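Single-letter residue listing:
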Amino acid sequence: MRSTMRSLLLLAFSVVIGAHSLRADEPESAQDWLGWFAARWDDEAWVSGRRRAYMRPLDDQGWQARMLAMQGIAATGKDAVAPLVAALKSDHTPTRLLAAQTLGYLAPHVPREPLVEALENDPDAAVRLYAVDALGMQGGKDLTKTLASRRASERNRDTKKHIAYALERKKEIVDPSIIDSLIKWDSRQINSAEIGKPAPDFQLTTVSGAKYQLSDFQRKKHVVLVFVYGDT
């Protein structure tokens, strides 16, 4: 259920994150999408005054490329599984991140072993986080034994929390409507928000099924939208 909320937040996040279009020359195959994304993601663009950066510049197009690639790959269905599994071994960390996250939306076609291996061995905590999310979204199998030892040895707090989230799913597969919403999402919305102008209206559904629309808060003094970096 937490994965459902993260998916909805990701769609909303993509609406408010950029100012330029990347829709031209979009590829068709999953393999080409991975290359298309890698060519448009600058991993040196992270900015922060802290030791490890968590923010991107306001004019960054990398998040747009990631969202479009994720949608494009998911739309290719089970044909994307093999290229994504291979991408889990990429030397390019952002590509491994995209592969691990997108594999969650291709359940039940994804073999568990590559995801378990990524969770156990990938040096990047975010890749491990998305690998365990994908495992949880697959459903159909009790992951307690698989994840128990990893939960005890995992040092990254965010990844450890996501191991707990995967266990909370209790073999529940990702809702097909979530995958459908990703594939059918209108990517033209990606540039619909502009700094200094009113935010475009959108609706989100909570894990309990309640629906909230931004326009419902139109006469409120302040509305704060929080997007957790590890979930987007």
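What this report covers is the structure whose coordinates are included nearby.

Criteria and thresholds
Here the residue numbering is sequential within each chain, running from 1 through the sequence in written order. A pLDDT threshold of at least 70 governs which residues receive local features in this predicted model, and a stricter bar of 80 or more applies before side-chain atom pairs are shown or counted, although totals over entire chains, interfaces and linings include all residues. Values reported for side chains reflect all heavy atoms of the structure, with hydrogen atoms and water molecules removed beforehand. Only DSSP runs of H or I covering at least 4 residues are called helices, and only runs of E covering at least 2 are called strands; the numbering of each starts at the N terminus. Only protein chains enter the calculation, and the probe is 1.4 Å; a residue is then buried if its accessible area is under 20% of its type maximum, exposed if over 50%, and partly exposed in between. Each polar contact in these results corresponds to two N or O atoms within 3.5 Å; when the atoms are within protein, one needs to be able to donate a hydrogen and the other to accept it, and residues that are neighboring in sequence are counted only if both atoms are side-chain atoms. Only heavy atoms matter for contacts: two residues are in contact if any of them lie within 4.5 Å across the pair. The angle between two axes is taken between their N-to-C directions and runs from 0 to 180 degrees, where each axis is a line fitted to C-alpha atoms and a helix contributes only its stretch in contact. Definitions for this section: a left-handed crossing has its near helix turned counterclockwise from the far helix by less than a right angle. A right-handed crossing has that turn clockwise. Nonpolar residues are Ala, Val, Leu, Ile, Met, Phe, Trp, Tyr, Cys and Pro. Charged residues are Asp, Glu, Lys and Arg, and all others, Gly as well, are polar. A carboxyl oxygen of Asp or Glu within 4 Å of a side-chain nitrogen of Lys or Arg is what we treat as a salt bridge.

1. Points about the side chain of R96
And step 1. Along the chain, R96 falls in helix α5 (residues 93-103).
And step 2. On the basis of relative accessibility, which here comes to 7%, the residue R96 falls in the buried class.
And step 3. For R96, the side chain forms a polar contact with the main-chain oxygen of S90, separated by 3.0 Å.
And step 4. Contact partners of R96, with chain neighbours within four places excluded, come to A87, L88, K89, S90, D91, D122, P123, D124 and V127.

2. Remarks on α5
And step 1. For α5, a buried count of 10 out of 11 residues is recorded, marking the element as mostly surrounded by other parts of the structure.
And step 2. Of the positions making up α5, those classed as buried are P94, T95, R96, L97, L98, A99, A100, Q101, T102 and L103.

3. Focus: the packing of helix α6 (residues 112-121) against helix α7 (residues 125-138)
And step 1. One can describe the packing of α6 onto α7 by two numbers: an axis separation of 8 Å at closest approach and a directional angle of 145°. Two packed elements cross with a definite hand, and for α6 against α7 that hand is left-handed. On α7, the residues touching R112, L115, V116, A118 and L119 of α6 are R128, A131, V132, A134, L135 and Q138.
And step 2. Class assignment for the residues of the contact of α6 with α7 results in eight nonpolar, one polar and two charged.

4. Section: the pattern of salt bridges
And step 1. This structure, assessed with the given rule, holds seven salt bridges.
And step 2. Close ionic contact of R150 with E154 constitutes a salt bridge, the shortest N to O distance being 2.7 Å.
And step 3. Across the pair K184 and D180 runs a salt bridge, and its minimum N-O distance is 3.3 Å. Linking K184 with D180, this pair stays in helix α10 (residues 176-184), spanning four residues, or about one helical turn.

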